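# Structural overview for review
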Amino acid sequence: MKLEKSNLNAVSRYAFAHGKKSNQQWLQQETYAQVRATYHLPAQMACNVPRQVGATYKTLWTKLKQNNAARKAGITKKRYKGLDQPPKYVSPTLTYNSHRDYSLKPEQQVSLLTLDGRVVVCYTGYEKHLALLQQGAHIGAAKLWYDKPRKQFYLLVTLELEVAEPTPERHQHVVGVDVGQRYLAVTARLDTGASFYSGKQTRAKANHYARLRKRLQHKGTRSATRRLVVISGRERRLKQATNHLISRRIVDQHPQSIIGLEDLTHIRERTKRRHGMKASKKQRRANRHASKWAFAELHGYLAYKALLAGSMIVKVDAHYSSQACPMCGHTCEDNRPNKGLLFVCQSCHYRLHADLIGARNVALRTLLTRQDWMSTGVLSVRPDVSSNEAKAARRSRYAELRWSPDASPQL
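What comes next concerns the included structure. This one's a predicted model, so the numbers in the text were calculated from it and none came from an experiment.

Analysis parameters
- Residues numbered from 1 in each chain as written.
- Predicted model: local features only at pLDDT ≥ 70, side-chain atom pairs only at ≥ 80, totals over all residues.
- Heavy atoms only, no water.
- Axes fitted to C-alpha atoms, helices over the stretch in contact; angles between N-to-C directions.
- Helix = DSSP H or I, 4+ residues; strand = E, 2+ residues; numbered from the N terminus.
- Parallel < 35°, antiparallel > 145°, perpendicular 65-115°, else oblique.
- Left-handed = near helix turned anticlockwise from the far one by under 90°.
- Contact = heavy atoms within 4.5 Å.
- Buried < 20%, exposed > 50% of the residue type's maximum accessible area, 1.4 Å probe, protein only.
- Pairing = 2+ DSSP bridges.
- Nonpolar A, V, L, I, M, F, W, Y, C, P; charged D, E, K, R; others polar.

## Regarding the packing of helix H6 (residues 222-253) against helix H9 (residues 295-308)
Closest axis-to-axis distance for the H6/H9 pair is 9 Å, and the angle between their directions is 40°. Overall, the two elements H6 and H9 adopt an arrangement that is oblique. In the packing of H6 onto H9, the handedness of the crossing is right-handed. Contact with H6, carried on its side by Lys-239, Gln-240, Asn-243, His-244, Ile-246, Ser-247, Arg-248, Ile-250 and Val-251, involves Glu-297, Leu-298, Tyr-301, Leu-302, Tyr-304, Lys-305 and Ala-306 of H9 and no other residues of that element.

## Quick notes on the side chain of Glu-235
As for its position among the elements, Glu-235 is in helix H6. Of the residues examined, Glu-235 reaches a relative accessible area of 8% and is grouped as buried. Excluding residues that lie within four positions of it along the chain, Glu-235 makes contacts with Ala-206, Tyr-209 and Arg-213.

## Things to note about the sheet that holds strand S3 (residues 109-114)
Hydrogen bonding along the main chain pairs the strands of a sheet, whether they run parallel or antiparallel. Taken in spatial order, the three strands line up as S2-S3-S4 in an open sheet, and their pairing is antiparallel. Looking at the sheet topology across the chains shown, the edges are occupied by strand S2 (102-105) and strand S4 (117-122). Adjacent strand axes in the sheet meet at a mean angle of 25° when their direction is disregarded. Sheet analysis places S2 next to S3, joined by four bridges and oriented antiparallel.

## Remarks on the pairing of S3
The antiparallel pairing of S2 with S3 creates a hairpin that spans three residues between the two strands, and Glu-107 there sits at a positive phi of about 60°. Where S3 lies against S4, six bridges are found, and the strand directions are antiparallel. Paired with Thr-114 across the bridge in S4 is Gly-117. Linking two consecutive strands that pair antiparallel, namely S3 and S4, is a turn of two residues.

## So, the sheet that holds strand S10 (residues 257-262)
As summarised here, the arrangement of the five strands in space is S9-S8-S7-S10-S11, forming an open sheet in which the pairing is mixed. A strand with exactly one partner marks an edge of an open sheet, and here the two such strands are strand S9 (194-198) and strand S11 (312-316). Geometrically, the sheet is characterised by an average inter-axis angle of 20° between neighbouring strands, direction not taken into account. Across five bridges, strand S8 (residues 183-189) lies against S9 in antiparallel orientation. Within S9, the residue paired with Val-186 across the bridge is Phe-196. Contacts from H9 reach strand S7 (173-179), S8, S10 and S11 within the one sheet, and its direction differs from that of S11 by about 140°. Helix-sheet contacts for helix H10 (residues 354-376) involve S7, S8, S9, S10 and S11, and the interaxial angle to S7 is about 140°.

## Examining the packing of helix H5 (residues 200-219) against H6
Between H5 and H6, the shortest axis-to-axis distance is 10 Å and the interhelical angle comes to 165°. Classified by the interaxial angle, the pair formed by H5 and H6 is roughly antiparallel. The hand of the H5/H6 crossing is left-handed. Across the interface between the two elements, Thr-202, Lys-205, Ala-206, Tyr-209, Leu-212, Arg-213, Leu-216, Gln-217 and Lys-219 of H5 pack against Ala-224, Arg-227, Leu-228, Ile-231, Arg-234, Glu-235, Leu-238 and Thr-242 of H6. Split into classes, the residues belonging to the contact of H5 with H6 amount to eight nonpolar, three polar and six charged.

If you want it as structure tokens, here you go:
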């Protein structure tokens, strides 16, 4: 594994020195012979190294272009620094291609390519995933991951499943999901049903890890650094387990539904927050909570679990979802006094839990997306809000939405 990291870093430095190239074919032509001669890798592994480095640089270039566009539009002032120096590979992982570097054999055996040739070993896995393999699921690329505390290797295999084409008739129920800090997720149905998924215990553990990380970083010894690695793994697994649990409960409670999620792209740049010395201790803690939790990961888990359960996910506009009144459409910042848990409409005086208001607005916007799907036959998965006129037109449509228990279509 150390050998694999070394040649990845060597090819990464070569690509950086020659114009930060992301062309995988060019990298393979330039570095293939040197990688094989220096590190004595098999032919297929020597082909995978420039392919993996080229994919990394391609991702970095995409992020740089997105940052340049955001800076030009005035969304952010921060400059992307991902290409200031060659990316360094520190994770002991190895990418395998299906039917080239690895292949599954009968009786739960797998053939793997190693530095000493092919090896055939037995494997175990999750029962449902093994059942999908027996049902004819296609296997894709895999990663060989080393668990350092347990000193074990894991082969992470991707499965590709064929899903039926979605139709409005098969997805008649609408659900809105609002994510946040006090409650990691709040769901709202159009029949006034709702569910709250509290993040109090998970947030307390995350705060404990943050305090412990601060003390260890201040200490700075080698043992403290090793402890930091262990803590980072625990925190990552805590978030993954929580997001898996929440997404599974949401999908199981709402089968054959259209689940609406907020489009949170560039949410950190859009929100106005004080940072650094200008922020108070409470604001800095809120900034840490907002930046640390993996909401995109929760959305990703919901997306694939919903497809497996016969539901589907759509992204809707997130602008003013927590400030707009679902009863009268009035939108202003004063509807959220002190940005607390209570929503009080300044026009019709409607009062409700603020996170539930956000989930209801997401549900209404998802219903609007389904109505457009029924009338046009085209599902707009992500709203087009690239211009101010498009935003204004969409907000005018949202202002016409009204919450009603009878708005949900019946089977």
